[in-house]
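Structural characterization, general
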Amino acid sequence: MNNRLFVYGSLRRLGGAFERLLADAAIEVQEGVLADHALFGWGLPYPFVRPEAGRRVVGDVVEIDPARIEQVLRAVDEYVGSDYRRVEIEVDADGETVTAFVYLAEPSVELAERNRVESGDWMMPI
């Protein structure tokens, strides 16, 4: 089973939820980029990601202890809630292409152009 998770909001190293949900099970954290996806968050309670050609999302690729990946994914599923769906997708982790789980916005979540974070980076939105 894949044991990597690409995170882009509060689950990033400097986000509030990393320590609570990922730190104990993390083996390694690398800078990552998710190509052909856009980040939305302005005016929204949480950041969301959707596929969009030509855009990119900056985040962290967290490698999780394989023995704990299912437990971690269950905890993150509960944390993010029903507005997200977990998919496996290729991401760039410090120049290497890897497969990681990513939480994308459900199609029912309404996102508008005004919500887009142009930088693609939740930690440095401008």
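Residues numbered from 1 in each chain as written. Predicted model: local features only at pLDDT ≥ 70, side-chain atom pairs only at ≥ 80, totals over all residues. Heavy atoms only, no water.

**Thoughts on the nonpolar core**
Side chains of a nonpolar character, in soluble globular proteins, are inclined to be buried together. By size, the foremost hydrophobic cluster in this structure holds 39 residues, and its most contacted members are F6, Y8 and L22. Those elements that place two or more of their residues in this core are β1 (4–7), α1 (18–21), β2 (26–40), β3 (48–64), α2 (69–80), β4 (84–93) and β5 (96–105). In terms of residue count, the dominant contributor to this core is β5 (seven residues). With residues near it in sequence (within four places) discarded, Y8 still touches L39, P47, F48, V49, V57, V58, G59, Y84, V102, Y103 and W122. (Core = buried A, V, L, I, M, F, W, Y, C linked by side-chain atoms within 4.5 Å. Buried < 20%, exposed > 50% of the residue type's maximum accessible area, 1.4 Å probe, protein only. Helix = DSSP H or I, 4+ residues; strand = E, 2+ residues; numbered from the N terminus. Contact = heavy atoms within 4.5 Å.)

**A look at the pairing of β2**
Pairing between β2 and β3: 13 bridges, direction antiparallel. Residue pairing across strands places A35 opposite R56, the latter belonging to β3. Pairing of β2 with β4 involves two bridges; the strand directions are antiparallel. Paired with G32 across the strands is A93, a residue of β4. (Pairing = 2+ DSSP bridges.)

**Points about α2**
Between its first and last C-alpha atoms α2 spans 16 Å; for twelve residues at 1.5 Å apiece the expected length is 16 Å, and the two agree. Among all positions in α2, only I69, V72, L73, V76 and V80 are buried. End-on view of α2: buried residues confined to an arc of 100°, all on one side of the axis. Seen from the buried face of α2, the exposed residues on the opposite side, beyond 90 degrees, are E70, R74 and E78. Packed against the buried residues of α2 are β1, α1, β3, β4 and β5. Positioned one or two residues after α2, G81 has a phi angle of 80°, which is positive. (Expected span 1.5 Å × (residues − 1). Arc of directions from axis to C-beta.)

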